[in-house]
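# Fold and contact review
Here is what each chain is made of, one letter per residue.
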Amino acid sequence: MKYMVKSKILATFCAGLLTVSTGIQAAERLATGTQQKQAQKTVIETSPWFDDKDLTLTGVYYYPEHWDESQWERDFKKMHELGFEFTHFAEFAWAQLEPEEGRYDFAWLDRAVALAAKYDLKVIMCTSTATPPVWMSRKYPEILLKNEDGTILDHGARQHASFASPLYRELSYKMIEKLAQHYGNDSRIIGWQLDNEPAVQFDYNLKAELAFRDFLRAKYNNDIQLLNNAWGTAFWSEAYSSFDEITLPKRVQMFMNHHQILDYRRFAASQTNDFLNEQCLLIKKYAKNQWVTTNYIPNYDEGHIGGSPSLDFQSYTRYMVYGDNEGIGRRGYRVGNPLRIAWANDFFRPIQGTYGVMELQPGQVNWGSINPQPLPGAVRLWMWSVFAGGSDFICTYRYRQPLYGTEQYHYGIVGTDGVTVTPGGREYETFIKEIRELRKHSSSRETKPADYLARRTAILFNHENSWSIERQKQNRTWDTFAHIEKYYRTLKSFGAPVDFISEAKNLSDYPVVIAPTYQLADKELVDKWITYVKNGGNLILTCRTAQKDRYGRLPEAPFGSMITPLTGNEMNFYDLLLPENPGTVVMDGKEYIWNTWGEILNPPADAQVWATYKNEFYEGSPAVTFRKLGKGTITYVGVDSHNGALEKDILKKLYVQLNIPVMDLPYGVTMEYRNGLGIVLNYSDQPYTFNLSKGAKALIGTTEIPTAGVFVFSVK
Ligand code: GAL
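In this report, the structure presented in the accompanying data block is examined. Please read these numbers as outputs of a predicted model, since none were measured by experiment. (Residues numbered from 1 in each chain as written. Predicted model: local features only at pLDDT ≥ 70, side-chain atom pairs only at ≥ 80, totals over all residues. Heavy atoms only, no water.)

## Side note on the environment of Phe202
Quick reminder of the rule: Where helices and strands are cited, they refer to DSSP runs of H or I of at least four residues and of E of at least two residues respectively, numbered from the N terminus. Residues count as neighbours in contact if any of their non-hydrogen atoms are within 4.5 Å of one another.
Structurally, Phe202 can be placed in the loop between strand 5 (189–194) and helix 8 (206–219). Along the sequence, Phe202 and Asn277 sit 75 residues apart, while their C-alpha atoms lie 19 Å from each other. In this structure, Phe202 is in contact with Lys146, Arg251, Tyr264, Arg265 and Ala268, ignoring residues within four places of it in sequence.

## Some words on the sheet that holds strand 27 (residues 710–714)
Our working rule: Note: two strands are recorded as paired if DSSP finds a minimum of 2 bridges between them. Note on geometry: axes are C-alpha line fits, over the in-contact stretch for helices, and angles between N-to-C directions span 0 to 180 degrees.
Strand order in the open sheet formed by 4 strands is 22-23-27-25, and the pairing between neighbours is antiparallel. Two strands lie at the open edges of the sheet, namely strand 22 (669–674) and strand 25 (697–700), each paired on one side alone. The average undirected angle you get between the axes of adjacent strands in this sheet is 25 degrees. Against the sheet, helix 12 (residues 378–388) touches strand 22, strand 23 (677–682), strand 25 and strand 27, its axis set at about 140 degrees to strand 23.

## Overview of the packing of aromatic side chains
So the rule is basically this: Centres within 6.5 Å are what make two rings of Phe, Tyr or Trp a pair, Trp counting through its six-membered ring; a difference in plane orientation under 30 degrees is then read as stacked, over 60 as edge-to-face, and the rest as tilted. Each residue gets one of three labels from its accessible area relative to the maximum for its type: buried under 20%, exposed over 50%, partly exposed in between, using a 1.4 Å probe on protein chains only.
In total, this model carries 63 aromatic pairs according to the counting rule given. Seen in terms of ring centroids, Tyr316 and Phe348 are 5.1 Å apart; in terms of plane orientation they differ by 55 degrees. Their pairing is tilted. Here Tyr316 is found in strand 7 (residues 314–318), whereas its partner Phe348 is found in helix 11 (residues 340–352), with 32 residues between them in sequence. Judged by its relative accessible area of 0%, Tyr316 is buried.

## Topic: the sheet that holds strand 7
Around the barrel, which closes on itself, the 8 strands sit in the order 2-3-4-5-6-7-8-9 with parallel pairing between neighbours. This sheet shows a mean twist of 25 degrees between the axes of neighbouring strands, independent of strand direction. Sheet analysis places strand 5 next to strand 6 (residues 291–296), joined by 4 bridges and oriented parallel. When the sheet's bridge partners are listed, Gln193 is paired in strand 6 with Thr293. Packing of helix 12 onto the sheet brings it into contact with strand 7, strand 8 (355–360) and strand 9 (393–396), and relative to strand 8 it is tilted by some 165 degrees.

## Quick word on unusual backbone geometry
For the bond running from Tyr397 to Arg398, omega is 15 degrees, close enough to zero to count as cis. Position of Arg398 among the secondary structure elements: in the loop between strand 9 and helix 13 (423–438). Unlike most non-glycine residues, Asn289 shows phi in positive territory, near 55 degrees. Checked against the element boundaries, Asn289 lands in the loop between helix 10 (258–286) and strand 6. For Asn289, a relative accessible area of 70% puts it in the exposed group. The phi dihedral of Gln474 falls on the positive side, at around 75 degrees, and the residue is not glycine. Structurally, the position occupied by Gln474 is in the loop between helix 15 (463–471) and helix 16 (480–493). With a relative accessible area of 49%, Gln474 lands in the partly exposed category.

## As for the site of the ligand
Note the threshold: It suffices for a single heavy atom of a residue to lie within 4 Å of a molecule or strand for the residue to be listed as near it. Whenever two N or O atoms come within 3.5 Å, that pair is a polar contact, provided that in protein one can donate a hydrogen and the other can accept it, and provided that, for residues adjacent in sequence, both atoms are side-chain atoms. Using a 1.4 Å probe, accessible areas were evaluated by the Shrake-Rupley method; residue-level cover was limited to the displayed protein chains. Each residue gets one label: Ala, Val, Leu, Ile, Met, Phe, Trp, Tyr, Cys and Pro are nonpolar, Asp, Glu, Lys and Arg are charged, and the others, such as Gly, are polar.
Around the ligand sit Phe92, Arg158, Asn196, Glu197, Tyr319, Glu359, Trp367, Tyr397, Glu407 and His410, and those are all the residues in its vicinity. A distance of 2.7 Å is found between an oxygen atom of the ligand and a side-chain nitrogen or oxygen belonging to Trp367. A distance of 2.4 Å separates an oxygen atom of the ligand from a polar side-chain atom of Glu407. Coverage of the ligand by the protein chains reaches 94% of its 310 Å² of free accessible surface. Split by residue class, the shell around the ligand holds 4 nonpolar, 2 polar and 4 charged.

This is how it looks when you write it as structure tokens:
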């Protein structure tokens, strides 16, 4: 069955399973009902892009322009024999596609596409805007990106052109239009990747400055007083009398107006998003049955991911082993951070209901600080991690190890001789075989057990909060992402499906929503939260939430009072402690350490106090409160603990109250469901024994899962 990559599905899907209501009653019903044990099926609409029966497609990058043409056929044949189903062309080939301005040469690419097709390999076509040819940089130097310190980037590397340059965009669009005309109606091309890892550029070109002024004129209705008010320019004589006086903020200046920086970051993200969106629309003029995506680095702080509305879905690139130990145990640096792929899955998938992974390393990389060999099995573990999150395809960077250029030490599926399959290449081969076998056993995408769905939780996320908080951390040891991760990590130990969602999504699709340290807010958002809770939702808000408006200004009201209608709390004050002399919070007799941020709360009579401060002059004062409101609940966590133990125990306590069944997986072990399959992954340094319930059938691996091991079972 095919399925639709639209968020609408989620609403229909959850409504069916959770019977719309998201509150305590719904959770109670689920906990007591026998249906908990059974897998649930839902009807999913048809997708124009992927066939659910394929589970996932697997592909690999190839750069025909790097190799002697006489070797292409041998390489495609081998790719096919290893099981790959698609390849990926022309990502950095602008110089070959347009060797002189206006002279295009697609003949070589046509030959590569034809040979790939001979070996059943579909093609992802790329727009190569990350590598403009030298004629462009020499003839039109204004297209080059300028750093904040005045350095102008130059030809000889990549990603040196400015997205804010109208001329660069025009030259890009001319080339892309030719490419789209040529390949848009070609059934051998499955889809398009725009640019390469498009990031937000902090570009200090004159053109960027002019575009920033236009952005501000539009935002502030051409009224400089509105801008002065929003940016608080009465402070330090910063007032402007005209938009023409405004320059790009010097981020290096420690005391630069942070309201201005907030707008600048919004503007910078919009430049990347507009460029991608325009590329996409251009391709869609010609593309027949081809999807368009791009391959973002999962950088949550830049705020551009998901911001080009025309893209069909979002894809990401992920590298797991390259430097210091983010994993578990002595060999953890060979396996990687256990939540690195999970986090990316849970961030990308909710944007449009599906996602793909464009790059995953097949072995050692060249650019890290250590570049170790992955632990045998780790490459396969990563592929299964991507799959577990619900992706439609996995592509690896790259087929052959390059013999020249910046990435000489980068592993491929085959080594420097072009034919010997690397250990990582063999792991790809194994994964592909396993997927082919599973295609015989799987059911539709959304076949997932009811107890798994019952703990479905959303984390409300807006990158603007970290932009704002990180400029005014107030305590050097505060870390916005580490704070959010404390909640995320707990949810993953619960075996909960987690969606990172934006405010545009429907909160009522989730029994529990966490909005961690959501600093920038307005009445509309608070009203949305109130409605969600009153209708039965369970909301968790954490410290620093709703303290400022969307311009980053403090409202003229008691500090932190925007959410008082929800929590009922007043905030007496907040405190920040020395990291070497932290404080203690007590909950149910257990103590937890904190120092980065603590709010001293004054709760209403109808709230329960869950945790209090144990020291300082406010000993005994509330730090965490819980309250019923309408049909739902609101938990307020006014403190950030050192290691996340408090956050974990708060969520445990809450889910017990809500009768939401949770697991207790050790850190390093994750578990997800899709297509009627349970997937258990072990990133830890110890074997993990999984308790397989009766009726479930082991399909891949055994219940004794070694480090870097995978266990897949059928829940039908
Ligand atoms: C990625 C990039 C690829 C390649 C790869 C090497 O970040 O998108 O083009 O450079 O790194 O690991």
